[in-house]
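Residue-level structure breakdown
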Amino acid sequence: MGLLSDPHCRRALSRLIVRLNTPLCALSYVLGLGWFLALAFPPLAPRTYMSENAMGSTMVEEQFPFGQRALAYAREFAGHKKKVGGMPVAWLEQTLWSLGLEVHRQPFARTLPFPDEARERYMVRGTNVYGILRAPRAASTEALVLSVPCSDGPHNNQAVGLMLALASYFRGQIYWAKDIIFLVNEHDLLGMEAWLEAYHDVNVTEVQSSGTLGRAGAIQAAISLELSSDVVTSFDVAVEGLNGQLPNLDLLNLFHAFCQKNGLLCTIQGKLQRSDWDSLPAYAHSLQTMLLMVLAQASGRPRGDHGLFLRYRIEAITLRGINSFRQYKYDMTTVGRTLEGMFRKLNNLLERLHQSYFFYLLPSLSRFVSIGLYMPAFGFLILVLILKISFLGGRWFAGSREEPRPGLLVLVPPVLICHAAGLALYFLPVLGQHVATQHFPVSEAEAVVLTVIAIYVAGMALPHNTHRVLAGAGSERGWMALKLLALLTLALQLGCLALLNFSLGFLLAATMVPAAAAVQPNGPKVPLAAVLVLATPAVTLLLGILVERELVEAPAGLAEGWQLFLGAVGEGLLQHHLYGSFLFPPRDGHTDRPTDPPLAWLLLWNVLFWK
Amino acid sequence: VVEGLALLDLGVSPYSGAIFHETPLIVYLFHFLIEYAELVFMITDVLTAVALYLAIQDFNKVVFKKQKLLIELDKYAPDVAELIQTPMEMHYIPLKVALFYLLNPYTVMSCVAKSTCAINNTVIAFFILATIKGSAFLSAVFLALATYQSLYPLTLFAPALLYLLQRQFIPIKLKSKSFWLYTTQYAALYLCSLMVIICLSFFLLNSWDFIPSVYGFILSVPDLTPNIGLFWYFFAEMFEHFSLFFVCVFQINVFFYTIPLAIKLKEHPVFFMFVQLAIISIFKSYPTVGDIALYMAFLPVWSHLYRFLRNIFILSCVLIVCSLLFPVLWHLWIYAGSANSNFYYAITLTFNIGQILLISDYFYAFLRREYYLTHGLHLTRQDGTEAMLVLK
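Every chain's residues receive numbers from 1 upward, in the order its sequence appears when written. All chains are assigned letters beginning with A, and all ligands numbers beginning with 1, in the order in which they are written. Restriction of local features to residues with pLDDT of at least 70 applies here, the model being predicted, together with a cutoff of 80 or more for giving and counting side-chain atom pairs; totals for whole chains, interfaces and linings are based on all residues. Only hydrogens and water are set aside when side-chain values are computed; all heavy atoms of the structure are taken into account.

1. Focus: the overall build of chain B
To keep things clear, this is the line we draw: Secondary structure elements are taken from DSSP: a helix is a run of H or I of four residues or more, a strand is a run of E of two residues or more, and numbering for both begins at the N terminus. Burial status follows relative accessibility: with a 1.4 Å probe on protein chains alone, a residue under 20% of its type maximum counts as buried, one over 50% as exposed, and anything between as partly exposed. Note on definitions: a residue-residue contact is assigned when non-hydrogen atoms from the two residues lie within 4.5 Å. Per-residue accessibility takes into account occlusion by the displayed protein chains alone, with areas from the Shrake-Rupley method and a 1.4 Å probe.
If you tally the helices and strands in chain B, you get 18 helices and zero strands. Dimensions of chain B, computed from C-alpha atoms along their principal axes, come out at roughly 75 × 55 × 45 Å. Looking at the 392 residues of chain B, the share that counts as buried comes to 52%. Considering only contacts within chain B whose residues lie at least 6 apart along the sequence, 73% involve residues at least 24 apart. Here chain B has roughly 19100 Å² of accessible surface; of this, 71% comes from carbon and sulfur atoms.

2. A closer look at the overall build of chain A
Scanning chain A for helices and strands turns up 21 helices and eleven strands. The buried share among the 611 residues of chain A stands at 57%. Summed over all atoms, the accessible surface of chain A reaches about 25000 Å², with 61% contributed by carbon and sulfur.

3. Looking at the side chain of Thr155 of chain B
Residue and element names in this part refer to chain B. Let me state the cut-off plainly: Pairs of N or O atoms are called polar contacts if they sit within 3.5 Å, as long as, within protein, a hydrogen donor faces a hydrogen acceptor (for residues adjacent in sequence, only side-chain-to-side-chain pairs).
Considering the arrangement of structural elements, one finds Thr155 in the loop between helix H8 (136–149) and helix H9 (157–167). Owing to a relative accessible area of 5%, Thr155 belongs among the buried residues under this scheme. Among the polar contacts listed, one links the side chain of Thr155 to the side chain of Gln276, at a separation of 3.3 Å. In contact with Thr155, other than residues within four places in its own chain, are Phe255, Thr258, Gln276 and Ile280.

4. Brief notes about unusual backbone geometry
Residue and element names in this part refer to chain A. With a phi angle near 65°, Asn156 is a residue other than glycine that sits in the positive phi range. Within the element layout of this structure, Asn156 appears in the loop between strand E3 (142–150) and helix H6 (157–171). Of note, the phi angle at His187 is positive, near 55°, even though the residue is not glycine. You can see His187 is positioned in the loop between strand E4 (179–186) and helix H7 (188–200).

5. What to know about the UniProt feature "transmembrane region" (unreviewed entry) in chain A
Rules: UniProt positions are given in the numbering used here, feature names are shortened, and annotations may be inferred rather than shown by experiment.
UniProt feature "transmembrane region" (unreviewed entry): in the numbering of this structure it lies at residues 20–41, 357–387, 408–427, 447–463, 484–508 and 528–547 of chain A. In residues 528–547 of chain A, helix accounts for 95% and strand for 0%; the two terminal C-alpha atoms are 24 Å from one another.

6. What to know about the environment of Ile84 of chain B
Residues and elements named next belong to chain B. Structurally, Ile84 is set in the loop between helix H3 (37–72) and helix H4 (87–90). Counting along the chain gives 134 residues from Ile84 to Ile218, while the straight-line C-alpha distance between them is 43 Å. In this view, Ile84 contacts Gln67, Ile71, Tyr76, Glu89 and Leu373; residues no more than four positions away in its chain are not counted.

7. Notes on helix H9 (residues 280–299) of chain A
Residues and elements named next belong to chain A. What counts here: To estimate how far a helix should reach, multiply one less than its number of residues by 1.5 Å.
For H9, built from 20 residues, the straight-helix expectation of 28 Å at 1.5 Å per residue is met to within 8% by its first-to-last C-alpha distance of 28 Å. Among the 20 residues that make up H9, 14 are buried, leaving the element largely enclosed by the rest of the structure. Immediately beyond the C-terminal end of H9, within one or two residues, lies Gly300, with a positive phi of roughly 75°.

8. Concerning the UniProt feature "transmembrane region" (unreviewed entry) in chain B
Residues and elements named next belong to chain B. This chain's UniProt record puts "transmembrane region" (unreviewed entry) on residues 36–56, 123–144, 150–166, 187–208, 214–235, 242–263, 308–330 and 342–364. Secondary structure over residues 123–144 splits into 91% helix and 0% strand, and the C-alpha atoms at its two ends are 10 Å apart. Across residues 187–208, helical content stands at 86% and strand content at 0%; the span's end C-alpha atoms are separated by 24 Å.

9. Comments concerning the pattern of salt bridges
Residues and elements named next belong to chain A. Put simply, the test is: Salt bridges are identified by distance alone: a Lys or Arg side-chain nitrogen within 4 Å of an Asp or Glu carboxyl oxygen.
All told, the structure shown has 14 salt bridges over all chains when counted by the stated rule. A salt bridge links Lys261 to Glu62; its shortest N-O distance comes to 3.6 Å. Here Glu62 lies in the loop between helix H3 (21–38) and helix H4 (67–84) and Lys261 lies in helix H8 (residues 249–262), a separation of 199 residues in the sequence. In this structure Lys261 comes out as partly exposed when scored by relative accessible area, which is 35%.

10. Considering the packing of helix H6 (residues 105–112) of chain B against helix H16 (residues 289–296) of chain B
Residues and elements named next belong to chain B. Under the convention used in this document: Axes, fitted as lines to C-alpha atoms, cover a helix only where it is in contact. Angles between the N-to-C directions of the axes lie from 0 to 180 degrees. Here is the rule for handedness: rotate from the far helix to the near one, and if that takes an anticlockwise turn smaller than a right angle the crossing is left-handed, while a clockwise turn gives right-handed. Any residue outside Ala, Val, Leu, Ile, Met, Phe, Trp, Tyr, Cys, Pro, Asp, Glu, Lys and Arg is labelled polar, Gly included; the first ten of those are nonpolar and the last four are charged.
Running from N to C, H6 and H16 point in directions that differ by 140°, and their axes come no closer than 8 Å. By crossing handedness, the relation of H6 to H16 is classed as left-handed. Contacts between H6 and H16 involve Tyr106, Thr107 and Ser110 on the former and, on the latter, Val289, Gly290, Ile292, Ala293 and Met296. Split by residue class, the contact of H6 with H16 holds five nonpolar, three polar and no charged.

11. Describing the packing of aromatic side chains
All names here are of chain A. So the rule is basically this: To pair, rings of Phe, Tyr and Trp, with the six-membered ring standing in for Trp, must have centres within 6.5 Å; the planes then decide the type, stacked if under 30 degrees apart, edge-to-face if over 60, and tilted in the middle. Look at NZ for Lys and CZ for Arg. If either is within 6 Å of the ring centre and within 35 degrees of the ring normal, a charge sits over the ring.
Taken as a whole, this structure holds 62 aromatic pairs over all chains when the rule is applied. Stacked on the ring of Tyr199, the Lys or Arg Arg215 has its end atom at 4.4 Å from the ring centre. Residue placement shows Arg344 over the ring face of Tyr175; its charged tip is 4.1 Å from the ring centre.

12. Some details on the side chain of Thr147 of chain B
Residue and element names in this part refer to chain B. By the secondary structure assignment, Thr147 is in helix H8. Owing to a relative accessible area of 4%, Thr147 belongs among the buried residues under this scheme. If sequence neighbours within four positions are ignored, Thr147 has contacts with Pro153, Leu154, Tyr190, Leu194 and Tyr215.

13. Some points on the pairing of E3 of chain A
Residue and element names in this part refer to chain A. Going by this rule: Pairs of strands are assigned from DSSP output, requiring at least two bridges between the strands.
Counting buried positions along E3 gives eight out of nine residues, so the element sits mostly inside the fold. Bridging between E3 and strand E6 (residues 218–226) involves six bridges; their strand directions are parallel. Pairing of Ala143 across the sheet is with Ile219, part of E6. Across eight bridges, E3 lies against E4 in parallel orientation. The partner of Pro149 across the bridge, within E4, is Asn185.

14. Things to note about the nonpolar core
Put simply, the rule is: Nonpolar core, defined: a set of buried Ala, Val, Leu, Ile, Met, Phe, Trp, Tyr and Cys residues in which side-chain atoms within 4.5 Å join the residues together.
Residues Leu162, Phe255 and Leu319 of chain A together with Tyr186 and Trp302 of chain B are the most contacted members of the largest nonpolar core, which totals 264 residues. Residues in contact with Trp302 of chain B, not counting those within four places in the same chain, are Phe59, Val270, Phe271, Phe274, Tyr362 and Phe366 of chain B.

In structure tokens form, the structure reads like this:
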């Protein structure tokens, strides 16, 4: 209790905080950002290693011989798909049956809350087909999943072919201890969600499906495969799942180990690892990779079909075969051998993957940054807020001796109005889309997106209205109390967000913290207003999209960026309603977590225009 | 409770399953009221608030009388006029106490969750009301009921006794005969009512099953479901060999503070009761947020200590942050599977540390005020320079 109860020490500490507040805040912010950027420096990040004992060595002798058969299956599948014009359910069922698997089909249907312009659909109907390979000597208590999305057009046919070839090979082996489910899902994420919900007998979203007929026990791991060409030059792995959840690092390590064993080139975020690590271009490269992962995780969107498995505590990754202009190409046999090796290793698992990290960032495929290393960066950003809060708190309490307190009731109108704006932002767009289409010449999806933006901008006009309602407007201590409350709310929400989805929390903190700390009604209004507008989450999204396009080496102009931004807002809303992601909606419907940066931002806007 | 009722309806002892640990009186109470469960919990909360309101109203009168007496006896230093409580500032305190209890998010949460903690709170509130009104018999009966429900209110015997002695103007000296006479009277009332209630439970269910299920359960902590208390993690990590020793240590920790606090706070039994309630709700084996709501309801009574509280801002921030992080980390651990129990226990530890610091802050502020009252606000050392009060 020394620090807290000793008055001399306390007085010295509070004097330090009051006098050096701005320099300390600036230093802390720079330290936070600097720490984050330093994480990408290769020597600082430890190498990945396999933590799970059961997956220790890669000593399996893979013997997958059916590369040509995979291609044949793929060609048949492509033909049938073109003939049917969608997913050839009957052919798939028959093929899986002839391979000796237990076949089931699952029809599902979903009405989207508003029509999806990107893919032009409103009511989605589809069928998932899956076959279960029963382990010959085990009790069907655990399962592994190999899922292949059935996309429109000529995509992903080779993946189905390879899956069928693997199924025929696996069927002949006797060493399987877990059942293997070979799943072909239609309409990618929607079908995946329908299958997972029916499999686990829950009803998280409003998908109507016939219910799964066959089960194979608890799923231990899942791999989603996407292959669109007969030969591949490299394999890309995607790890980010829904709401920024990541699979266990061990699964990634497994993939990396087997790629190295079979000589396959593997990439992450589409970027190949560099062999030199202490040069500036190498640092820039790994920083690019890490930033891409941060942006992907922050968007909360699953980067492949595997993202939805994570919610059910099933570790999953997506593997994509890429055919680029490299000279050396790998055929299906090598790819099949890698997958066979991975499945045999996963077969050895005694318990769910839990030994390795669940929270990490990847500057490259063989180096990782764990939560203990990246949290201090976020801690420094929150420290800025804490310093500002203690500074304001001290001034507020000191001021209470001199002038009578205006009472905390003065704070209630701004807070209530900001909350109401947040709720409007959440409920109105989807509810009001029909009204909007009647009065304005826009389609429903556009109506939703434009309503969101309109409410957002309308929120900025609020300070001029709440002024007249307040009694204590213009008082010195009133705005300090409001700012204190706003900073507390912001710190709380950023903290909760960073725990759930670190990248989102960090990005929002990095943009909002300097604006939040600097805002006050006494300073120069226009620059501060500009800074605050730049810090708003919507602008962060726009900037994030532009930065991501830069990093993927396909830079987008401002107009294209704006279109992408509108699309992203629409997609984000749709995904929220479909899968429960929480990008921008103020409150997640399933638990009461406050995830509402726009609310804190509106409160700060009110502070700026207090006078 | 529902399982206990179901088993009772089948004619089997409700304690034969492993999850029912409430007392037989609760079983019979809910036997008739299970249809209206929501209404029952709302009414208990309202009753608690009303009891606290009446209790604090009476307490204010007592405090004011005592203050007047001490001023007339010249016990206070001359320059402490601003520290004396006036009736005007004390006028709204009972209402604030009732509102603090009813509007506390913790109370709302335990009402929605239909936790039987609400009934415990009602009994303790009635016990406090009876004690402050001065009725030894009712106070003993309610204390016996509270102890019968969950073992820990046993420690509230000491502050209640001290308060009743003060009310009867019996000085607390170990050699005084009237002191021992009153003590034995009160203790006898308490023990007899406890015996009566326990025997009544025996006759209700025709077996002594409930004693190991209720009291054995509270004392030996066999069930380690995570809660906001400190026990579950320790005992989940511990070897069987040492668990008995540590169970004893942890349980003694709850009862241990009664005697030192009684010695220090014998002039201020109601504050002692508040601190004791807080200690029970922090250190008991299965705390819930309803327990916290009960002692937090008393905070407006000590609002005159505000100027002496040093860390109240930081502590309230810590408590709010921890309360908000509890569900987040629970979700990460149980549903997302990405975290583990360490994350959740860290927040539990921080939350409990925040509560402990809150109580010790109030305790220190109370003592400081008493010191200033008797020694004057401007303390000077022997050589005339200004002195500062420091806790060593």
